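Notes for the structure review
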Amino acid sequence: MADNKTKTRLFDFFLLSVSLVGLCLASASAQSRKLSFGVNDQFKILQVADMHFANGATTRCKNVLPSQLAHCSDLNTTAFMSRVIATEKPDLIVFTGDNIFGSDVKDAVKSMDAAFAPAIASKIPWVAVLGNHDQESTLSRQELMNYIVKLPNTLSQVNPPEAAHYIDGFGNYNLEIHGVAESSLQDKSLLNLYFLDSGDYSSVQSLKGYDWIKTSQQFWYDQTSKRLQREYSEEPNSQQGTAPGALAYFHIPFPEFDNFDTKSATTGVRQEATGSATTNSGFFTTLVARGDVKSVFVGHDHVNDFCGEIKGVNLCYGGGFGYHAYGKAGCERRARVVVANLNKKGTGSWGDVKSIRTWKRLDDEHLSVIDAQVLWNSSPSGSGVCRL
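Residues numbered from 1 in each chain as written. Predicted model: local features only at pLDDT ≥ 70, side-chain atom pairs only at ≥ 80, totals over all residues. Heavy atoms only, no water.

This part covers the state of the cysteines. Covalent bonding between the sulfur atoms of two cysteines is what defines a disulfide. Following the criterion strictly, the structure yields two disulfides and no others. Disulfide partner of Cys61: Cys72, at an S-S distance of 1.9 Å. In this structure the cystine formed by Cys61 and Cys72 twists about its S-S bond by roughly -80°; its chirality is therefore left-handed. With a gap of 11 residues between them, Cys61 in the loop between strand 2 (42-48) and helix 3 (66-69) and Cys72 in the loop between helix 3 and helix 4 (74-88) connect regions that are remote in the sequence. Between Cys307 and Cys316 runs a disulfide, and the two sulfur atoms are separated by 2.1 Å. Around the S-S axis, the bridge from Cys307 to Cys316 shows a dihedral of about 120° and counts as right-handed. (Disulfide = S-S within 2.5 Å. Helix = DSSP H or I, 4+ residues; strand = E, 2+ residues; numbered from the N terminus.)

With 15 residues, helix 5 (residues 108-122) extends 22 Å from end C-alpha to end C-alpha; this agrees with the ideal 21 Å at 1.5 Å per step. Residue Phe116 marks the point of greatest curvature in helix 5, where the axis turns by about 55°; the proline Pro118 follows within four residues. For helix 5, the tally of buried residues reaches 11 of 15 residues, placing the bulk of the element in the interior. Capping the start of helix 5, Asp107 holds a side-chain oxygen 3.0 Å from the backbone nitrogen of Val109, two or three residues further along. Immediately downstream of helix 5, the backbone of Lys123 shows phi near 65°, a positive value. (Expected span 1.5 Å × (residues − 1). Bend = angle between axes of the 7 residues up to and from the residue. Buried < 20%, exposed > 50% of the residue type's maximum accessible area, 1.4 Å probe, protein only. Polar contact = N/O pair within 3.5 Å; in protein donor to acceptor, adjacent residues only side chain to side chain.)

Take the packing of aromatic side chains next. Scanning the model with the defined rule gives 21 aromatic pairs in all. With centroids separated by 5.0 Å and ring planes inclined at 25°, the aromatic side chains of Tyr249 and Phe297 adopt a geometry described as stacked. Of this pair, Tyr249 sits in strand 7 (residues 245-249) while Phe297 sits in strand 8 (residues 293-298), and the two are 48 residues apart along the sequence. We note that Tyr249, like Phe297, is buried. (Phe/Tyr/Trp six-rings, centres within 6.5 Å; stacked < 30°, edge-to-face > 60°.)

What follows concerns the sheet that holds strand 11 (residues 334-346). Across the sheet, six strands lie side by side as 4-3-2-11-12-13; this open sheet has mixed pairing. Each edge of the open sheet carries a strand with a single partner, namely strand 4 (126-129) and strand 13 (369-377). Averaged over all pairs of adjacent strands, the angle between their axes in this sheet comes to 20°, without regard to strand direction. Examined bridge by bridge, strand 12 (residues 349-362) and strand 13 share six bridges and lie antiparallel to one another. Looking across to strand 13, one finds that Ile356 is bridged to Trp376. Across the sheet, helix 4 lies against strand 2, strand 3 (92-96), strand 11 and strand 12, angled at about 145° from strand 12, the strand it touches most. (Pairing = 2+ DSSP bridges. Axes fitted to C-alpha atoms, helices over the stretch in contact; angles between N-to-C directions. Contact = heavy atoms within 4.5 Å.)

To continue, consider the sheet that holds strand 10 (residues 313-317). On the basis of which strands lie adjacent, the open sheet formed by seven strands has the order 1-5-6-7-8-10-9 and mixed pairing. Where the open sheet ends on each side, the last strands, each with one partner, are strand 1 (35-36) and strand 9 (307-310). Across four bridges, the pairing between strand 7 and strand 8 is parallel. Within strand 8, the position partnered with Ala248 by the bridge is Val296.

Next up on the list: the packing of helix 7 (residues 215-233) against helix 8 (residues 283-290). Here helix 7 crosses helix 8 at 10°, and the two axes come no closer than 11 Å. In terms of orientation, helix 7 lies roughly parallel with respect to helix 8. Between helix 7 and helix 8, the contacting residues are Gln218, Tyr221, Asp222, Ser225, Lys226 and Gln229 on the first element and Phe283, Thr286, Leu287 and Arg290 on the second. Residues of the contact of helix 7 with helix 8, tallied by class, amount to three nonpolar, four polar and three charged. (Parallel < 35°, antiparallel > 145°, perpendicular 65-115°, else oblique. Nonpolar A, V, L, I, M, F, W, Y, C, P; charged D, E, K, R; others polar.)

Close reading of the predicted structure is inappropriate where its pLDDT is low. When pLDDT is averaged across the protein chain, the result is 90; 88% of the residues are at 70 or more. In the model, residues 18-30 has pLDDT below 50 throughout and makes 21 contacts with residues more than four positions away in sequence or in other chains. Below a pLDDT of 50 lies the segment residues 381-388, which in the model reaches 15 contacts outside its immediate sequence neighbourhood of four places, other chains included. (pLDDT = per-residue confidence, 0-100.)

Here it is, written out as structure tokens:
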């Protein structure tokens, strides 16, 4: 971890950068940005789960070693994010909820500005969904998303225009990742990303505990997936097979995550119970029925960071990122990286998605890489360990 003076200077720089950028202009520019695979045939996503950002330098860390405690604050979260962005250079940054820890936040807008500052300063496109703690301060869930979508370089949406009149929650949307620029598939979406609001707490009196992804959200996903399948199969450059590969991101895991422990998961560890809703909304079944989503990525349970595969869908935790979030002393905070690669047809020519890989970065001296694996492969051999 960097020394406190250095972290403070970095923190001040990020906040200044945010304030100097024209919010509406930058957001409008980002919203119109087309995401595509690079000429290196890959698209890289950085997942940031559970920052729990509060008030900056005055907010102390939770569950760190005694030697770290005196100089550890929200600024450690900021420094970690800056380091991992600079190292990985992702094409998209995804925040999967509990971005701020509302009950400790004095000013939700100021805390969000600070929490997202490293992503904004990087000028890399980024998106966010909400967790169960974001709205516990001065803004409602709708107000939070209304503010987030106006920040620079974000591709976040409050809700899809075609479904805004019926869909539950705030922060349901999808992004299309097109083929390599100037290739025959530059106008085809080869990887679809779904972002959903998994809510906060149950509003049904007879069902206590956490919220879940509702029927209206599942209907929107199903209809969007079918539309994208049609577009994938249409001329020009008609593509064959099931809908283009897809990934889903949200905060609260569904009950199927409880199928895995450290031994049965493909990689990673379970160190706490699955904090899912007490009812099963059937979203996992919906995903399996459509067949396009290869992996689901969540947060919420900070000291779980495993991936496990069931019925062809990988269920993955991001692992706890933020220093004001609960964790385990001596267990480094972490971030998950996901990379999709394309099939190469020939010199300068690319096909559909070939593989989806993942690994995690630890906030240690070397930003160590752990648990590298292939989540999905278009070849019959399926998934396996990836050698970096």
